[in-house]
Amino acid sequence: FAEIQRFPESIAEPILMNLPEFRSLDKKNKPEPAVSILLPEESGDPELRSFLIAASRLGQTVYTPANAVSTGEIGEFAELSERRNGILIGLNEDLEDQPLPGHIKKALAELQPGEGLLAEVIYGPPDSTQRRWILLSGADGEGLEKAALTLGSSVALRSVPSNPWIVSKEPGISPLVEKMA
């Protein structure tokens, strides 16, 4: 997760999201979104809360034009994974049929109740444009929310142990942050 650690305040570096094609006055040739956030078709509270946390990590809206980010259904992942960057959100059972690397599928299958998974996957050949996807998952809603809260915590992301990261507890709130609140 070196890239996330480089930009702990947002997943999308503002200069990258402020692409010239999104500033163009040409309304006929709309650019394809740069980032997609995909959810299960039948999303409950944990998925929607995770969506909100993930979307907030994209950065300030002044740097993120509305048409640079799209939302969609998990079923679009196979088509979009090599065309744009994104965030894939869903319980492990929602993601089991998606084209994910073997070690990620194995980790998803082994999740226990209350555990979440946070992972980064790179798609595309090394000699061309590659696409980064962040995966938020859990064995259940509780685990999914732990993974989402971890993504939302700059402090927690600074100590990412592995990829994928099995999240068994919510990140703590630093005393400094709590004092400022």
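For the structure itself, consult the block above.
Residues numbered from 1 in each chain as written. Predicted model: local features only at pLDDT ≥ 70, side-chain atom pairs only at ≥ 80, totals over all residues. Heavy atoms only, no water.

A look at the overall build of the protein chain
Here is step 1 of the chain: The number of helices and strands found in the protein chain is 10 helices and six strands.
Here is step 2 of the chain: Here the protein chain holds 181 residues, and 42% of them are scored as buried.
Here is step 3 of the chain: Of the roughly 9,900 Å² that the protein chain leaves accessible, carbon and sulfur atoms contribute 53%. (Helix = DSSP H or I, 4+ residues; strand = E, 2+ residues; numbered from the N terminus. Buried < 20%, exposed > 50% of the residue type's maximum accessible area, 1.4 Å probe, protein only. Areas by Shrake-Rupley, 256 points an atom, 1.4 Å probe, with all protein chains shown as cover.)

Some points on the nonpolar core
Here is step 1 of the chain: Membership of the largest hydrophobic core comes to 22 residues, with the highest contact counts inside it found for Ile87, Ile89, Leu118, Leu136 and Leu151.
Here is step 2 of the chain: For this core, the secondary structure elements donating two or more residues are strand 1 (35-39), helix 4 (45-56), strand 3 (85-89), strand 5 (131-138), helix 8 (141-151), helix 9 (154-157) and strand 6 (165-167).
Here is step 3 of the chain: A per-element tally of this core places helix 8 first, with four residues.
Here is step 4 of the chain: Listed in part, the 18 residues of the second largest apolar core include Leu100, Leu111, Leu117 and Val121. (Core = buried A, V, L, I, M, F, W, Y, C linked by side-chain atoms within 4.5 Å.)

A closer look at unusual backbone geometry
Here is step 1 of the chain: Residue Asn163 is joined to Pro164 through a cis peptide bond whose omega torsion reads 5°.
Here is step 2 of the chain: One can find Pro164 in the loop between helix 9 and strand 6.

Regarding the packing of aromatic side chains
Here is step 1 of the chain: Enumeration according to the criterion identifies two aromatic pairs in this entry.
Here is step 2 of the chain: Here the aromatic rings of Phe77 and Tyr123 are separated by 5.6 Å at their centres, their planes lie at 80°, and the arrangement is edge-to-face. Placement of the pair is Phe77 in helix 5 (residues 77-80) and Tyr123 in strand 4 (residues 116-123), with a sequence separation of 46 residues. Across this residue pair, the class does not change: Phe77 and Tyr123 are buried.
Here is step 3 of the chain: Between the aromatic rings of Phe77 and Trp133, the centroid separation amounts to 5.0 Å while the plane-to-plane angle is 90°, which identifies the pairing as edge-to-face. Of the two residues, Phe77 sits in helix 5 while Trp133 sits in strand 5, which places them 56 residues apart along the sequence. Side by side, Phe77 and Trp133 carry an identical accessibility label, which is buried. (Phe/Tyr/Trp six-rings, centres within 6.5 Å; stacked < 30°, edge-to-face > 60°.)

Concerning the environment of Val35
Here is step 1 of the chain: Within the fold, Val35 resides in strand 1.
Here is step 2 of the chain: In the structure, Val35 is positioned 48 residues away from Arg83 in sequence and 9.4 Å away in space, judged by C-alpha atoms.

Quick word on the sheet that holds strand 2 (residues 69-73)
Here is step 1 of the chain: Spatial strand order, 2-1-3-5-4-6: six strands in an open sheet with mixed pairing. The two strands at the open ends of the sheet, each matched to only one other strand, are strand 2 and strand 6. Between one strand axis and the next, the sheet turns by 20° as a mean value, whatever way the strands run.
Here is step 2 of the chain: With four bridges connecting them, strand 3 and strand 5 associate as parallel partners. When the sheet's bridge partners are listed, Leu88 is paired in strand 5 with Leu135.
Here is step 3 of the chain: Seen against the sheet, helix 4 touches strand 1, strand 2, strand 3 and strand 5 and runs at an angle of roughly 155° to strand 3.
Here is step 4 of the chain: Here helix 8 sits on the sheet and contacts strand 3, strand 4, strand 5 and strand 6; the angle it forms with strand 5, its principal contact strand, is near 135°. (Pairing = 2+ DSSP bridges. Axes fitted to C-alpha atoms, helices over the stretch in contact; angles between N-to-C directions. Contact = heavy atoms within 4.5 Å.)

Some points on helix 8
Here is step 1 of the chain: Counting buried positions along helix 8 gives eight out of 11 residues, so the element sits mostly inside the fold.
Here is step 2 of the chain: Those residues of helix 8 that fall on the buried side of the exposure criterion are Gly141, Gly143, Leu144, Lys146, Ala147, Ala148, Thr150 and Leu151.
Here is step 3 of the chain: On the buried face of helix 8, the contacting elements are helix 4, strand 3, strand 4, strand 5, helix 9 and strand 6.

What about the side chain of Ser50?
Here is step 1 of the chain: When you line up the elements, Ser50 lands in helix 4.
Here is step 2 of the chain: Assessed through its relative accessible area of 1%, Ser50 is described here as buried.

Details of the pairing of strand 5
Here is step 1 of the chain: When you tally the buried positions in strand 5, you get six out of eight residues, the bulk of the element.
Here is step 2 of the chain: Where strand 4 lies against strand 5, eight bridges are found, and the strand directions are antiparallel. Of the residues in strand 5, the one forming a bridge with Ile122 is Arg132.

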